[in-house]
Amino acid sequence: MSRPASSLRAASLILQRDLTLAFRRPGEWLQPVAFFLIVTMLFPLALDPELSRLRALAPGALWVAALLSSVLALEFLFREDGRDGTLEQFALSGQSFAWLLLAKTASHWLLTGLPLAIAAPLAAVGLGAPASAIPGILVALLLGSVSLSLLGAIGAGLTLGIRRGGALLSLLVLPLAIPTLVFGARATAMAIQGEPAAAPLYLLAALTVFGITLAPLAAAAAVRISLE
Amino acid sequence: MGLHLWRGERHVLNGLSLRLGAGEALQLLWPNGAGKTSLLRGVAGLLPIESGTVRWKGADTSTDYAAYCSDLAYLGHDLALKGDLTAAENLRYSVGLRRQIDAAAISGALQAVGLTAPHDELVRRLSAGQQRRVALARLALWDAQLWLLDEPAANLDAAGQAQVAEAIAAHLSRGGSALISTHQGLPLPAAFNRLSHSPQEFA
Amino acid sequence: MSWAWFHRFGSPPYFYRLATRWVPWLSWPAGVLIVGGLFGGLVIAPADYQQSDAYRILYVHAPTAWLSQMAYTLMAVAAAVGLVWRMKVASAVAAAAAPIGASFTAVSLVTGMLWGQPMWGTYWAWDPRLVFQLVLFFFFLGFIGLRSAIDDVSRADRAGAVLAIVGIVNVPIVHYSVTWWNSLHQAPSVLRAQGPSMPASMLVPLLMSFLGITLYFYAVLFYRTRAEILRRDRGAAWVRELLTGKGKTA
C-alpha cells in the first residue's frame, strides 16, 4: 500500500514545480518588476527632478508603484492552474487546500514580491534616498510584499474565472491594501529621513502575520467557489 | 462497500439516487446537457449539493472530506497537465501531492499506458491522445478506489479507447469502482458494467 | 426552545409576506420622522454660535454616515449567515443591502464635503473619517462589482460573502491605520458633534432624523429584498400562485 505524502512534502513539491515552470518561461515573471521600475522612473519625469524634493515624494512613489505592480502580478497567481484543472486536483488531493494555496502564494511571492523588494532600494536611491535608508526600505518592502501577496490571493481567488477580471481585482484588493500602504510608506519615509522606523515596521509585521494565518483560509474558500 | 446516495441538484439533477458497488462501473450515456459533468463534480465535492448527501463506505463524505478525497480520483475535461513540464515531471508533482512516489514507478506507469514519446519530452509537444495517456498513467498511480471519469476516451483513437477500457477493467478487477461519463460507451467486462441512458432512471 | 423561527425566516415565501406587511409600517413612521426632524432641524433649531447655519447639514450627514457603517455590518453578517447556513433569504438581504449602503455612503460623503466647504474652506480635506467613508464606499462597490461579474446567483452570493467577511475583518484595521496615518500628518479635525452640551431644540430633531432615516433604510431594505426574492424564486410554485391567484398576501 502506498504511503501518503506529508503536507510539508506537498508544499515543497508545489514550490519546486512553480519555480521550474517559471524558469522555463521567465518573461512572465520579469514583467511586474519591470513595471515597478518604469513607474518609479515616471515620477521624476512627471515632477521636479530635484533630488531633495524627490526625496520627500519617494516613499509614496515607491509604495504606489509596488501596490500597482503586485496587483498586476496577481494575474499570474491562479490563472493558469485554474484554467488547466490543476487547482481542482489540489482541492481533491486530500491535503489542506488552504495550505496548498499558501504554498502557491509563497512561490508567487518568491517570483514577484522578492524581486520587487530587491529592486525597491535601487529605485529609492534613484529617487534621492540616502544609502543609509536601504536596510529599512528593504525590510519594509519585504514585509509589505508578503502581505500584499496574501491579500492578493483572496482577490485573485474571487476573480478567478471571471473574464476581464483585472479591473475588478484591483477594486477588490487595493482598498484592503490601505493599511499596508500606510505603514509601509511611513516606515520608508522614516528610513529616508534617518529616523528609527521600528514602530511602523512592527505594525507591518503584525499585518503580515495576521495575513499568513487568515488569508489562505479566505483564499481557499474563494477559489473553491470559483472552481464550481 | 461503496454506497452512494445522491439527491437533488439545482436545475440539472432532481432527486437523483444511485449507488455503486465495489468492482462496479456505471457508464453514463446521457445526452448532452443532462448533467453528467454536474453529477461527477457533485460526487467529487467540487459542486455544492443543494440537498441530499454523497456517502462513501457508509459515511457522509462531508464529515471527513480529506479521507474521502484520498480514495477518490477525478479526471475532468481539463487534464491538469502542465505544457511546460515533461510527462514524468507532471506525474511527479501531481501524484506526489497525494502519496510518495519514485521515478521507477512513474516511468513504469508511462510505459504501461503506451506513451511512445520520450518521457522527457515537454507535454505541450505531445499530441492530444498522448496527453490523455499521461493523464491515464496518473490515474493509475493515484491508487484510488473510486474513479470519477469525465469523457476519459475523448480524443483517442480505437486503440486508445481500448487502452482506457483496459485500465478501467484492471481497476475494477482490483475491487475499485468507476463512475464514467461517456459518449460512445466503453467496452468493459459485462458482469460489472452498468449502462445508464438518462438521469430519469435514478429518479 | 427551538430554531423554528430561524428556519421560518429562511423560507422565501414567509419572508416575502413578512416584508410585504412591514414595508408600510416602516415607511410611514420614517416619512413622518424625517419630515419632523428636518423641519425641527432646519427651521426651529437655533443657529450654532460657531458654525451658524452650516451645521444644519448634520441632520442628514450624521444619520447617513452612521447607517452606511451599519449597512456594511448588516450586509456582511447577512452574507455570512447565507454562506454558513445556506440561507438564501439572508443572501438576498445582503444583495439588497449593498446598493442601499453604497448610496448612503455616497450621501454621507457628499454632505460631508458640503459641510467641509464653509468649515474648512475646502470641499475635501484628508480627514480620517472622510477617508474611511471613502474606503467603505469602495468596499461596497467591490461587493456589488464582484456579484454582478458572476452569472450564477448562488456562486455570486457565496463569493460576495467571502469578500464581505474579509472586508468586515479589515474594517477595524483600515480604520486604525487611517487614524494612525492622520495623527502623524495633521491636527485632529475641527468638527465634533457636541454631545451633551447640545440644546434640546437641536438634539430632538437630530434624534428624530436618526430614527426616521434608520426606519427608511429598513423600509427600502425590505422592499428591495422582496424584489430580490421574487427574482430568485421566479420559477417557484409560490411565486406563480402569488401572481395568478393574487390578493391573499398583497
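What you are looking at is a predicted structure, and each value in this text was computed from that prediction instead of being measured. (Residues numbered from 1 in each chain as written. Chains lettered and ligands numbered in written order. Predicted model: local features only at pLDDT ≥ 70, side-chain atom pairs only at ≥ 80, totals over all residues. Heavy atoms only, no water.)

Caption draft 1: Broad picture of the sheet that holds strand β7 (residues 193–196) of chain B. All names here are of chain B. The five strands are arranged β4-β5-β6-β1-β7 in an open sheet whose pairing can be described as parallel. The open sheet has two edge strands with one neighbour each: β4 (72–75) and β7. Here the strands of the sheet are splayed against their neighbours by 10° on average, with no regard to which way each runs. Where strand β5 (residues 146–150) and strand β6 (residues 177–181) come together, five bridges link them in parallel fashion. If you follow Asp150 over to β6, its bridge partner there is Ser181. Packing of helix α5 (residues 128–142) onto the sheet brings it into contact with β4 and β5, and relative to β4 it is tilted by some 170°. Against the sheet, helix α6 (residues 158–173) touches β1 (25–28), β5 and β6, its axis set at about 150° to β6. (Pairing = 2+ DSSP bridges. Helix = DSSP H or I, 4+ residues; strand = E, 2+ residues; numbered from the N terminus. Axes fitted to C-alpha atoms, helices over the stretch in contact; angles between N-to-C directions. Contact = heavy atoms within 4.5 Å.)

Caption draft 2: Representation of the nonpolar core within the structure. A:Phe78, A:Leu158, B:Leu148, C:Met75 and C:Leu146 are the most contacted members of the largest nonpolar core, which has 117 residues in total. Setting aside residues up to four positions removed in sequence, B:Leu148 forms contacts with B:Leu40, B:Val43, B:Ala44, B:Leu72, B:Ala73, B:Tyr74, B:Leu75 and B:Leu179. In this structure, B:Leu91, B:Ala144, B:Leu149 and B:Ala153 belong to the second largest nonpolar core, which totals 36 residues. (Core = buried A, V, L, I, M, F, W, Y, C linked by side-chain atoms within 4.5 Å. Buried < 20%, exposed > 50% of the residue type's maximum accessible area, 1.4 Å probe, protein only.)

Caption draft 3: Representation of the interface of chain B and chain A in the model. Taken together, the contacts link 32 residues of chain B with 33 residues of chain A. When chain B packs against chain A, the two sides together hide about 2800 Å² of surface, and 54% of this comes from carbon and sulfur. When the area that chain B buries against chain A is broken down by residue, the three leading residues are B:Lys82, B:Tyr93 and B:Leu97, summing to 25%. In this structure, A:Asp84 engages B:Lys82 in a salt bridge whose closest nitrogen and oxygen atoms are separated by 2.7 Å. Counting the contacts that link chain B with chain A gives 13 residue pairs in polar contact (both at pLDDT 80 or more). Elements with a minimum of two residues in the side of chain B that touches chain A: α1 (36–44), α2 (65–70), β4, α3 (87–96) and α5 of chain B. It is α3(B) that contributes the most residues to the side of chain B that touches chain A, four residues altogether. Taken together, the residues of the side of chain B that touches chain A break down into 17 nonpolar, three polar and twelve charged. (Buried area = accessible area lost by both parts, 1.4 Å probe. Salt bridge = Lys/Arg side-chain N within 4 Å of Asp/Glu carboxyl O. Polar contact = N/O pair within 3.5 Å; in protein donor to acceptor, adjacent residues only side chain to side chain. Nonpolar A, V, L, I, M, F, W, Y, C, P; charged D, E, K, R; others polar.)

Caption draft 4: Here's a closer look at the interface of chain C and chain B. Counting residues at the interface gives five residues for chain C, matched by four residues for chain B. Carbon and sulfur atoms supply 26% of the area buried between chain C and chain B, which totals about 330 Å² over both sides. Linking chain C with chain B are zero salt bridges. Our enumeration of links across chain C and chain B arrives at zero residue pairs in polar contact (both at pLDDT 80 or more). Of the residues assigned to the side of chain C that touches chain B, the class counts are no nonpolar, one polar and four charged.

Caption draft 5: Molecular detail of the packing of aromatic side chains. Summed over the entire model, instances satisfying the criterion amount to 15 aromatic pairs over all chains. With 6.2 Å between their ring centres and 45° between their planes, B:Tyr65 and B:Tyr68 make a pair best called tilted. With a gap of three residues between them, B:Tyr65 and B:Tyr68 both fall in helix α2, about one helical turn apart. Overall, B:Tyr68 belongs to the buried group, its relative accessible area being 3%. With a centroid separation of 6.3 Å and 50° between ring planes, the pair formed by C:Phe137 and C:Phe138 is classed as tilted. For C:Phe137, a relative accessible area of 21% gives the class partly exposed. On the accessibility criterion, C:Phe138 (33% relative accessible area) is partly exposed. Here the aromatic cluster, defined as three or more aromatic residues joined through ring pairs, consists of C:Phe104, C:Tyr216, C:Phe217 and C:Tyr218. Its guanidinium or amino end placed over the ring of B:Trp142, B:Arg98 lies 4.7 Å from that ring's centre, counting from NZ or CZ. (Phe/Tyr/Trp six-rings, centres within 6.5 Å; stacked < 30°, edge-to-face > 60°. Lys NZ or Arg CZ within 6 Å of the ring centre and 35° of its normal.)

Caption draft 6: The arrangement of helix α9 (residues 198–227) of chain A in detail. End to end, α9(A) covers 42 Å across 30 residues, agreeing with the expected 44 Å (1.5 Å per residue, within 8%). A bend of about 40° at A:Ile212 is the largest found in α9(A), and the proline A:Pro216 appears one to four places after it. (Expected span 1.5 Å × (residues − 1). Bend = angle between axes of the 7 residues up to and from the residue.)

Caption draft 7: A look at the domain arrangement of chain B. Residues and elements named next belong to chain B. Here chain B is described as being made up of domain 1 (1–71 + 145–203) and domain 2 (85–143). Put simply, the middle of domain 1 and the middle of domain 2, counted by C-alpha atoms, are 23 Å apart. Contact between domain 1 and domain 2 buries roughly 960 Å² in total, counting both sides, with carbon and sulfur atoms accounting for 54%. When the buried area of domain 1 at its contact with domain 2 is split by residue, Trp147, Asn155 and Gln163 rank highest and sum to 41% of it. For the pair domain 1 and domain 2, the interface holds zero salt bridges. Of all the secondary structure elements, the ones that give two or more residues to the side of domain 1 that touches domain 2 are α2, β5 and α6. Per-element tally for the side of domain 1 that touches domain 2: the top contributor is α6, with four residues. Partitioning the side of domain 1 that touches domain 2 into residue classes produces eight nonpolar, five polar and three charged. (Domains from an automatic or database assignment.)

Caption draft 8: Fine view of the packing of helix α3 (residues 58–84) of chain C against helix α4 (residues 88–120) of chain C. Residue and element names in this part refer to chain C. The interhelical angle for the contact between α3 and α4, taken along N-to-C directions, is 155°, at an axis separation of 7 Å. Between α3 and α4, the interaxial angle falls into the category roughly antiparallel. Between α3 and α4 the crossing geometry is left-handed. In terms of residue class, the contact of α3 with α4 is made up of 18 nonpolar, ten polar and no charged. (Parallel < 35°, antiparallel > 145°, perpendicular 65-115°, else oblique. Left-handed = near helix turned anticlockwise from the far one by under 90°.)

Caption draft 9: How the structure looks around the pattern of salt bridges. For the structure shown, the criterion picks out 22 salt bridges over all chains. Ionic contacts of the salt-bridge type, sharing partners, join the residues A:Arg17, A:Asp18, A:Asp81, A:Asp84, A:Lys104 and B:Lys82 into one network.

Caption draft 10: Up close: the side chain of B:His171. Within the element layout of this structure, B:His171 appears in helix α6. With residues up to four places along the chain from it excluded, the contact list for B:His171 reads B:Ala144, B:Gln145, B:Trp147, B:Gly176, B:Ser177 and B:Ala178.

Caption draft 11: Up close: the pairing of β1(B). All names here are of chain B. Side chains Ala25 and Gln27 of β1 all project onto a buried face; the interleaved residues Leu26 and Leu28 project onto the opposite face, where all are buried too. Both β1 and β6 contribute to a ladder of four bridges, which runs parallel. Looking across to β6, one finds that Leu26 is bridged to Leu179. As defined by bridge partners, β1 adjoins β7 across four bridges and the pair is classed as parallel. Residue Leu28 lies in a different strand from β7, and its bridge partner there is Ser196.

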